[in-house]
Amino acid sequence: MGARVTATASARDTGFVADLGARDVIDYAEGRFDDHVADVDVVFDTVGGDTQTRSWNVLRPGGVLVTVVAPPAPGAAQDHAARGVFFVVEPDREGLDSISELITSGRLSPRIDRVVPLAQTRAAYEALDREHRRGKVVIHVADG
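This structure is a prediction, so every number in the text was calculated from the model and none was measured.

Here we look at unusual backbone geometry
Here comes step 1: In this model, Asp39 sits at a positive phi of 55°, which is unusual for a non-glycine residue.
Here comes step 2: Assignment of secondary structure puts Asp39 in the loop between strand S2 (24–27) and strand S3 (40–45).
Here comes step 3: Its identity is not glycine, yet Ala81 carries a phi of approximately 50°, on the positive side.
Here comes step 4: Note on placement: Ala81 falls in the loop between helix H3 (76–79) and strand S5 (83–86).

Focus on the side chain of Ser55
Here comes step 1: Tracing the backbone shows Ser55 in helix H2 (residues 49–55).
Here comes step 2: Among the residues examined, Ser55 registers a relative accessible area of 2% and is labelled buried.
Here comes step 3: Leaving out residues up to four positions away in the same chain, Ser55 has contacts with Phe33, Val43 and Leu65.

A few points about the pattern of salt bridges
Here comes step 1: Applying the stated rule across the entire model yields ten salt bridges.
Here comes step 2: A salt bridge links Arg32 to Asp34, with the shortest nitrogen-to-oxygen separation between them at 3.2 Å.
Here comes step 3: Taking the relative accessible area as the measure of exposure, Arg32 reaches 41% and is therefore partly exposed.
Here comes step 4: On the basis of relative accessibility, which here comes to 19%, the residue Asp34 falls in the buried class.

Side note on the nonpolar core
Here comes step 1: Judged by nonpolar contacts, Ile26, Phe33, Val37, Val43, Trp56, Val58, Leu59, Leu65, Ala76, Ala77 and Ala82 together constitute the single largest core of eleven residues.
Here comes step 2: When residues no more than four places from it in sequence are discounted, the contact partners of Leu65 are Val43, Asp45, Gln52, Ser55, Trp56, Leu59, Arg83, Gly84 and Val85.

Remarks on helix H4 (residues 93–105)
Here comes step 1: The end-to-end C-alpha separation of H4 is 18 Å, in line with the 18 Å expected for 13 residues at 1.5 Å each.
Here comes step 2: Once H4 ends, the next one or two residues include Gly106, with phi positive near 85°.

Here's the deal with the sheet that holds strand S4 (residues 59–67)
Here comes step 1: Here three strands make up an open sheet; going across it, the order is S3-S4-S5 and the pairing parallel. Two strands in the sheet have a free side with no partner beyond their single neighbour: S3 and S5. Across the sheet, the axes of successive neighbouring strands diverge by a mean angle of 15°, strand direction being ignored.
Here comes step 2: In terms of strand pairing, S4 meets S5 through four bridges, oriented parallel.

What counts and what doesn't
- Residues numbered from 1 in each chain as written.
- Predicted model: local features only at pLDDT ≥ 70, side-chain atom pairs only at ≥ 80, totals over all residues.
- Heavy atoms only, no water.
- Helix = DSSP H or I, 4+ residues; strand = E, 2+ residues; numbered from the N terminus.
- Buried < 20%, exposed > 50% of the residue type's maximum accessible area, 1.4 Å probe, protein only.
- Contact = heavy atoms within 4.5 Å.
- Salt bridge = Lys/Arg side-chain N within 4 Å of Asp/Glu carboxyl O.
- Core = buried A, V, L, I, M, F, W, Y, C linked by side-chain atoms within 4.5 Å.
- Expected span 1.5 Å × (residues − 1).
- Pairing = 2+ DSSP bridges.
- Axes fitted to C-alpha atoms, helices over the stretch in contact; angles between N-to-C directions.

Below, the structure is given as C-alpha cells:
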C-alpha cells in the first residue's frame, strides 16, 4: 500500500516478517526499537505497557499511535504532539468485503498457521499462550 514498514520480531522470525512486507526488522532481543526508529507517522502497538510508553518517542509531531492493547495514558498524546487511538475491532461488513477483494486479487495474502475444527476451538485457544505460531489460527465451522 506504499508504506515503509519497520517491525520488531524475534531473531527466528525476522525473515518471516520481512516476507510479510517489512522493509526493516529489528530483533527485539538485541535492542530497543526506539534506539533505531525516529520520526515515524504511525506506530501500531500490539504489546502495550512499556512498549506503548516508549512508542510515543518515535513518533513525528502530528503522528498517531494506534494500540489494540489498552487505551493510551491520559495526556500522553498531547504531551508528544501526537494522536492516540485505541482500536477495538467491531463487525464491519464493508471492511470485510474490502479485505476479501484484496485477498481475491492477490494484493493481500493472509498467513494461516492452522485450521482446526469447531470441536477443537477450546484447545486451539488454550494453545495460543503455549505455542509459537506464524499466522492466524482459523476455526473451521462448516463446509459449504
